[in-house]
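Okay, here's what each chain looks like letter by letter:
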Amino acid sequence: MHPNLHRLNELRGTARHTLMQRFLDVVIALHPQERLPPRDALNPLAVTDLLPHLVLTRVEYATGKPRFKLTVIGEQTNSALGLKLANRYMDEAQAADMPSLQYPIADREAVVREGLAVYRYGPPRLEYRANFATIELCHTPMADDGVTVSHILSLTVFEGLT
């Protein structure tokens, strides 16, 4: 069993919110036994209930260090952040608009480095409109070749808003 699949199964047992449980069920179901799932394994029409909370990040390696481009940001997450981040590189958005993006960048760097999902529950580390809400989030790797992380699929639940 792939270590990330093992990690996702562990997280499924500790997820608090029903949306997070559903997200973990979805990513577990599309995860092959011995490799990471490709980006095209996710059918957006099959997860319409999750779309407002999903973020899809493309990982680019052209500079030697991974860069993260936010390609899809769900309406709930985008609204809570209060910034236009879709189709932007996270490092550029951090420098220009939101210094606290260092935290989700570091989380995504860990996903790339380890090839494992990153999960967090607790107070927010980002400055955003709904910063009073406790968050539950998970970033999970996807790899078009089964090995090299090419995308990161994330779900964030803002407790009290959903």
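One can find the structure itself at the top, above this paragraph.
Overview of the structure. Residue positions are given per chain, counting from 1 as you read along its sequence in written order. Under the rules for a predicted model, residues below a pLDDT of 70 receive no local features and side-chain atom pairs below 80 are neither given nor counted, while totals for whole chains, interfaces and linings still include all residues. Each side-chain value is worked out from all heavy atoms of the structure, with water and hydrogens disregarded.

A word on the environment of Thr 77
Here's step 1: Within the fold, Thr 77 resides in helix 3 (residues 75–81).
Here's step 2: Judged by relative accessible area, which is 5%, Thr 77 ranks as buried.
Here's step 3: As a C-alpha pair, Thr 77 and Thr 156 span 79 residues in sequence and 7.0 Å in three-dimensional space. The numbering of helices and of strands both runs from the N terminus, where a helix is a DSSP run of H or I of at least 4 residues and a strand a run of E of at least 2. Relative accessible area decides the class of each residue, using a 1.4 Å probe on protein chains only: under 20% of the type maximum gives buried, over 50% gives exposed, and in between gives partly exposed.

Regarding the pattern of salt bridges
Here's step 1: A carboxyl oxygen of Asp or Glu within 4 Å of a side-chain nitrogen of Lys or Arg is what we treat as a salt bridge. Overall, the coordinates contain 6 salt bridges when judged by the stated rule.
Here's step 2: Put simply, Lys 65 and Glu 109 hold a salt bridge, and the shortest N to O gap is 3.7 Å. With Lys 65 in the loop between strand 1 (54–60) and strand 2 (67–73) and Glu 109 in helix 5 (residues 102–114), this residue pair connects regions lying 44 residues apart in the sequence.
Here's step 3: The class of Lys 65 is exposed, set by a relative accessible area of 51%.
Here's step 4: Exposure remark for Glu 109: the relative accessible area of 24% places this residue in the partly exposed category.

Thoughts on the sheet that holds strand 2
Here's step 1: Should DSSP find at least two bridges between two strands, the strands are regarded as paired. Pairing is antiparallel in the open sheet, where 6 strands are placed in the order 3-2-1-6-5-4. The open sheet is flanked by strand 3 (88–89) and strand 4 (118–122), the only strands paired with a single partner.
Here's step 2: Here strand 2 runs beside strand 3; their pairing, made up of 2 bridges, is antiparallel. From the neighbouring strand, Lys 69 faces strand 3, where its bridge partner is Tyr 89.
Here's step 3: Working rule for contacts: check all heavy atoms of both residues, and any pair within 4.5 Å makes them a contact. Simply put, an axis is a line fit to the C-alpha atoms, just over the touching stretch for a helix, and the angle between two N-to-C directions goes from 0 to 180 degrees. Taken strand by strand, helix 1 (residues 3–12) contacts strand 4 and strand 5 (135–142), and its axis lies near 160° from that of strand 5.

Some thoughts on the packing of aromatic side chains
Here's step 1: Here is the rule: rings of Phe, Tyr and Trp (six-membered ring for Trp) pair when centre to centre is within 6.5 Å. Planes less than 30 degrees apart are stacked, more than 60 are edge-to-face, and the remainder are tilted. Inspection of every chain in the model, using the stated rule, returns 0 aromatic pairs.
Here's step 2: Over the face of the ring belonging to Tyr 121 we find Arg 16, whose NZ or CZ atom lies 3.8 Å from the ring centre.
Here's step 3: Charge-over-ring contacts are defined here by two conditions on Lys NZ or Arg CZ: a distance within 6 Å of the ring centre and an angle within 35 degrees of the ring normal. Seen from the ring of Tyr 89, Arg 67 lies directly overhead, with NZ or CZ sitting 3.9 Å from the centre.

Side note on the packing of helix 1 against helix 2 (residues 18–30)
Here's step 1: Closest axis-to-axis distance for the helix 1/helix 2 pair is 10 Å, and the angle between their directions is 155°. Between helix 1 and helix 2, the crossing angle belongs to the class labelled roughly antiparallel. Taken as a pair, helix 1 and helix 2 cross one another with a handedness that is left-handed. Note on element contacts: helix 2 touches helix 1 through Gln 21, Leu 24, Asp 25, Val 27 and Ile 28, opposite Leu 5, Leu 8, Asn 9, Leu 11 and Arg 12.
Here's step 2: The residue makeup of the contact of helix 1 with helix 2, split by class, is 6 nonpolar, 2 polar and 2 charged. Reported orientations rely on four angle classes, namely roughly parallel under 35 degrees, roughly antiparallel over 145, roughly perpendicular from 65 to 115, and oblique for the rest. Crossings are classed by handedness, with left-handed meaning an anticlockwise turn of the near helix from the far one by less than a right angle and right-handed meaning a clockwise turn. Residues were grouped as follows: Ala, Val, Leu, Ile, Met, Phe, Trp, Tyr, Cys and Pro as nonpolar; Asp, Glu, Lys and Arg as charged; and all remaining residues, including Gly, as polar.

Without other data, these values stay purely geometric and don't point to any function.
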